[in-house]
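Okay, here's what each chain looks like letter by letter:
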Amino acid sequence: MSEDVVIVPCIDFSNFSERRDEIADQLWKAATDSGFMYAINHSIPLEKVDEMFATSKKFYELPVDVKKKIPWDIQTNNGWEAGSEVLDEEFRDLKETYNVGYAHMEGKWLDEADYPGFKKTTQQFQDYCEEFSFMVLSCFARKLGFPDNFFEQHHDKTKDDCTKLLRLLYYPELTEDQVKLFKPGQYRAGAHTDYGCVTLLFQNPGEKGLEVCPGKDVERKVWTAVDPIKGAIVLNIGDSLMRWSDDKLKSTLHRVRVPKPGDSLKARYSIAYFNQPNGSAIIQGPEHKYPEISAKDYLNSRFTATYK
């Protein structure tokens, strides 16, 4: 096996309170090796994950004219868009997304008449994701020598400069002829790293495509599949946490490939929760490898580069 191949471990979160140090050690090893891992026996009920997938599917089945009522806004990073993301600097991604933040969501929720219950279900799922993501971040805080609640202080959803969000993703169904039209180097979602602290990714069994690479600076990139596991969440480190850790934790390149022969061509749905720092948060690791930078300045530079 090539030394570049990423090994994606599976971490059991059962009995978290009693096993926090053990789980923190496992998270640290995974995050310093590859930056990606599966979480099982976590705190988010499986029925709530299934409910959110059903809710997302119904949202994307709405007429385009309805979804256009809540267009994506580059200033707030909230709302619906189709084909606006450019992740590999050459091709626009072939997907739709709906970003649900905590702040500045005025005009970015559908009316109850358009989709009854959508807002309530989505906000409830956000709460589940936030709770679990803080469990994960408390482990990294402890390993970095910070108080367990360190990252909670800098990821406060009650503040006006909150940037964390839930994203519903939809990759339309493809035909075999459409797959043949993909150009070399074109993907459903181009290679990128996330720019927050930690990402929770939910995938549907049978809907393959996610791949990870050892890192940004590896010239000979070897990609490893991160296929869906029923009930598991994919966790990955973002650029902000990599910087906060003085580069000890790895923010790893990932992409969504075009279906291979034998893969399902049906629509692909995924759900991501990005726990990103408040804009006013100052990012600096315990060893001061890099100068201080506000999360606002850092995140704005990434938004500008990603959306065109």
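The preceding data block contains the structure.
Note that this is a predicted model, so its numbers are computed, not measured.

Trainee: Looking at this structure, I do not really get helix H2 (residues 46-60). What am I missing?
Mentor: One turn of the α-helix equals 3.6 residues, which is why residues spaced by three or four share an orientation. With 15 residues, H2 extends 21 Å between its outermost C-alpha atoms, agreeing within 8% with the 21 Å of an ideal straight helix rising 1.5 Å per residue. Taken residue by residue, H2 has Val-49, Met-52, Phe-53, Thr-55, Ser-56, Phe-59 and Tyr-60 as its buried positions. Considered in projection along H2, the buried side chains sweep an arc of 165° and stay on one side of the axis.

Trainee: Whenever I open this one, the pattern of salt bridges confuses me. Can you help?
Mentor: It is possible for side chains of opposite charge to pair when their charged atoms get near one another. Evaluation of the coordinates by the stated rule reveals 18 salt bridges. The residue Lys-157 makes a salt bridge to Asp-127 at a minimum N-O spacing of 3.4 Å. Here the residue Lys-157 occupies a position in the loop between helix H5 (150-153) and strand E5 (165-171), and Asp-127 occupies one in helix H4 (residues 118-144), the gap between them amounting to 30 residues. Judged by its relative accessible area of 32%, Lys-157 is partly exposed. Each of Asp-127, Glu-130, Lys-157 and Lys-164 takes part in a single network of salt bridges with overlapping partners.

Trainee: What is the right way to read the sheet that holds strand E4 (residues 96-101) from this model?
Mentor: In sheet architecture, strand pairing relies on hydrogen bonds along the backbone and comes in two forms, parallel and antiparallel. The strand order E1-E2-E10-E7-E12-E5-E4-E3 describes an open sheet built from 8 strands, whose pairing is mixed. A single partner strand is all that each edge strand has here, and the edge strands are strand E1 (10-12) and strand E3 (79-82). Recorded for the sheet is a direction-independent mean angle of 25° between the axes of neighbouring strands. Sheet analysis places strand E2 (residues 36-40) next to strand E10 (residues 233-237), joined by 4 bridges and oriented antiparallel. Pairing of Met-37 across the sheet is with Leu-235, part of E10. This element, H2, spans E3, E4, E5, strand E7 (198-203) and strand E12 (268-275) of the sheet and lies at about 115° to E12.

Trainee: Is there a simple way to think about the side chain of Gln-126 in this case?
Mentor: Of note, Gln-126 is situated in helix H4. Judged by relative accessible area, Gln-126 falls into the buried class, the value being 2%. For Gln-126, the contacting residues outside a window of four places in its chain are Val-100, Gly-101, Tyr-102, Leu-166 and Tyr-273.

Trainee: I keep staring at unusual backbone geometry and nothing clicks. Help me out?
Mentor: Most peptide bonds are trans, and most residues other than glycine sit at a negative phi. Its identity is not glycine, yet Asp-246 carries a phi of approximately 60°, on the positive side. Although it is not a glycine, Asp-247 sits at a positive phi angle of roughly 70°. In this structure, Asp-247 sits in the loop between helix H7 (239-244) and strand E11 (254-256). What makes Asp-247 buried here is its relative accessible area of 17%.

Thresholds applied
- Residue positions are counted from 1 within each chain, in the order its sequence is given.
- Where totals are concerned, whole chains, interfaces and linings use all residues; where local detail is concerned, this predicted model gives features only for residues with pLDDT of at least 70, and gives and counts side-chain atom pairs only at 80 or more.
- To get the side-chain values, all heavy atoms of the structure are used, and hydrogens and water are removed first.
- Where helices and strands are cited, they refer to DSSP runs of H or I of at least four residues and of E of at least two residues respectively, numbered from the N terminus.
- Given the number of residues in a helix, its expected span is that number minus one, multiplied by 1.5 Å.
- Working definition: with a 1.4 Å probe on protein chains only, accessible area under 20% of the residue-type maximum means buried, over 50% means exposed, and in between means partly exposed.
- By arc we mean the arc of the directions from the helix axis to the C-beta atoms, nothing more.
- Any Lys or Arg side-chain nitrogen located within 4 Å of an Asp or Glu carboxyl oxygen qualifies as a salt bridge.
- Should DSSP find at least two bridges between two strands, the strands are taken to pair.
- Interaxial angle, 0 to 180 degrees, is taken between N-to-C directions of lines fitted to C-alpha atoms, where a helix line uses only the stretch in contact.
- By definition in these notes, contact holds between two residues if any of their heavy atoms fall within 4.5 Å.

Remember, this is a structural readout, not a statement about activity or role.
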